[in-house]
Amino acid sequence: MSASTPHSASDGHASEAVSVAAERRWAFIVMAIIALLVLMMVVTALHWASMPPSRVETVDVKTLHTQGEFVESNLGTTMAPDGKVMVRLIAQQYSFVPQCIVVPAGMPVTFRGTATDAIHGFVVGKTNANTMLVPGFVATFTTTFHRTGEQLMPCHEYCGTGHEAMWGRVQVLPAEDFLSRARNGERLSCVQG
Ligand code: CUA
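The numbering scheme is per chain: residues are counted from 1 as the chain's sequence reads. In keeping with the model being predicted, local features are shown solely for residues with a pLDDT of at least 70 and side-chain atom pairs are shown and tallied solely at 80 or more, while totals for entire chains, interfaces and linings include all residues. Hydrogens and waters are ignored; side-chain quantities use all the structure's heavy atoms.

**Student:** Where do I start with the environment of T77 in this structure?
**Tutor:** Here a strand is any run of E in DSSP of at least two residues, a helix any run of H or I of at least four, and the numbering for each starts at the N terminus. Turning to its location among the elements, T77 is positioned in strand β1 (residues 76-79). Sequence-wise, T77 and T110 are 33 residues apart; in three dimensions their C-alpha atoms are separated by 9.5 Å. Whether two residues are in contact is decided by their heavy atoms, any of which lying within 4.5 Å being enough. If we skip the residues at most four places from it in the chain, T77 touches V85, M86, V87, I101, V102, F178, R187 and L188. In this structure the side chain of T77 is engaged in a polar contact, spanning 2.7 Å, whose partner is the backbone oxygen of V102. Throughout this description, a polar contact denotes any pair of N or O atoms lying within 3.5 Å of each other; where both atoms belong to protein, one of them has to be capable of donating a hydrogen while the other can accept it, and for residues adjacent in sequence the pair is counted only when both atoms sit in side chains.

Right, here's the structure in full:
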């Protein structure tokens, strides 16, 4: 038994060394995580500051429905004579106008949108078509849809009690189908004419 006392004492010393090493390891891991988070903040801040998502373009909310680009008859998808596809939409509590948007696959599509009452936003399925819609400002971006079919377009900025029920649809048509309908020169809607 006389040998067991020094033996257990050295055991205690060894376990203390193990716990100190473990604490030191965790301290390094936590510091690494904090350093990574700070680095992400710095990189994203500088990145976004040097590359704003779009230029600032304002629009008068008070006259949105009565004049200019965002009157109801001008909303939806159009194709210009030069072949540029443009989608105009507005968001309001709690719907998008239009509720359903037709776009071609494999062609650049430019979105222009704004909101009438609160901050809204949308994302189209799992595509990179994703923006905020802020009253008084025009959000614009150009993207290309690669897969045909219908995509859901939910509002992704909390805008009030009806937020969760606010969503639209995007029908991505094969380019030839879209072009055959767009050539009629009409505004395209999801309802087949
Ligand atoms: Cu509109 Cu949330």
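Read on for the rest.
**Student:** Which parts of the structure should I look at to understand the state of the cysteines?
**Tutor:** When the sulfur atoms of two cysteines share a covalent bond, that bond is a disulfide. Only a pair of cysteine sulfur atoms within 2.5 Å qualifies as a disulfide here. Counting across every chain of the model gives 1 disulfide. Here C100 pairs with C190 through a disulfide, and the sulfurs are 1.8 Å apart. Looking down the S-S bond of the C100 and C190 bridge, the torsion is -85 degrees, so its handedness is left-handed. Separated by 90 residues along the polypeptide, C100 in strand β4 (residues 100-104) and C190 in the segment after α2 (175-182) bring together distant segments of the chain. Classification of C100 as buried rests on a relative accessible area of 12%. A simple rule labels every residue: compare its accessible area, found with a 1.4 Å probe on the protein chains alone, to the largest value its type can have, and call it buried under 20%, exposed over 50%, or partly exposed in between.

**Student:** Is there a simple way to think about the packing of aromatic side chains in this case?
**Tutor:** The geometry of an aromatic ring pair is captured by two quantities: the separation of the ring centres and the angle between the planes. Within 6.5 Å between ring centres, the rings of Phe, Tyr and Trp (the latter by its six-membered ring) count as paired, and their orientation is classed by plane angle as stacked under 30 degrees, edge-to-face over 60, tilted in between. Within the structure shown, the criterion is met by 5 aromatic pairs. Consider the rings of F96 and F122, whose centres lie 6.1 Å apart with planes at 90 degrees: the pair is edge-to-face. In this pair, F96 sits in strand β3 (residues 95-97) while F122 sits in strand β6 (residues 120-123), placing the two residues 26 residues apart along the sequence. Residue classification places F96 among the buried positions, given a relative accessible area of 1%. Under the relative-accessibility criterion, F122 is labelled buried at 0%. Between F111 and F122 the ring centres are 5.8 Å apart and the planes differ by 45 degrees, which places this aromatic pair in the tilted class. One end of the pair, F111, is in strand β5 (residues 108-115); the other, F122, is in strand β6, and 11 residues separate them in sequence.

**Student:** Just checking my understanding: could you explain α2 for this structure?
**Tutor:** In an α-helix there are 3.6 residues to a turn, and that puts residues three or four apart on one side. When we look at burial in α2, the residues that qualify are A175, F178, R181 and A182. Seen end-on, α2 carries its buried residues on one side only, within an arc spanning 135 degrees. Packed against the buried residues of α2 are β1, β2 (85-92), β4 and β10 (167-173). Each C-beta atom gives one direction from the helix axis, and the arc is the one those directions make.

**Student:** How should the nonpolar core be read in this particular structure?
**Tutor:** Nonpolar side chains in soluble globular proteins tend to end up buried together. Throughout, nonpolar core names a set of buried Ala, Val, Leu, Ile, Met, Phe, Trp, Tyr and Cys residues whose side chains join them through atoms within 4.5 Å. In this structure, F96, V103, F111, F122, F145 and M153 are the most contacted members of the largest nonpolar core, which totals 34 residues. Listing elements by their share of this core, those giving two or more residues are β2, β4, β5, β8 (139-144), β10 and α2. When sequence neighbours within four positions are dropped, the list of residues in contact with M153 reads L89, F96, I101, F122, V123, V124, W167, G168, R169 and V170.

**Student:** Hey, could you run me through the sheet that holds β10 in this one?
**Tutor:** Strand pairing in a sheet relies on backbone hydrogen bonds. The paired strands run either parallel or antiparallel. Strand pairing is assigned whenever DSSP detects at least two bridges linking the two strands. Spatial strand order, β4-β10-β9: 3 strands in an open sheet with mixed pairing. Looking at which strands have only one partner, the edges of the open sheet turn out to be β4 and β9 (149-154). Direction aside, the axes of adjacent strands within the sheet are offset by 25 degrees on average. The sheet contact formed by β4 and β10 spans 5 bridges and is parallel. Helix axes are fitted to C-alpha atoms over the stretch in contact, other axes to C-alpha atoms as well, and angles between N-to-C directions run from 0 to 180 degrees.

**Student:** Help me out: how do you make sense of the pattern of salt bridges in this one?
**Tutor:** If charged atoms from side chains of opposite charge come close, those side chains can pair. Any carboxyl oxygen of Asp or Glu within 4 Å of a side-chain nitrogen of Lys or Arg constitutes a salt bridge here. Under the defined criterion, the tally for this structure stands at 6 salt bridges. The salt bridge involving R88 is made with E69; its shortest N-O contact spans 2.6 Å. With a gap of 19 residues between them, R88 in strand β2 and E69 in the loop between α1 (4-50) and β1 connect regions that are remote in the sequence. On the accessibility criterion, R88 (16% relative accessible area) is buried.

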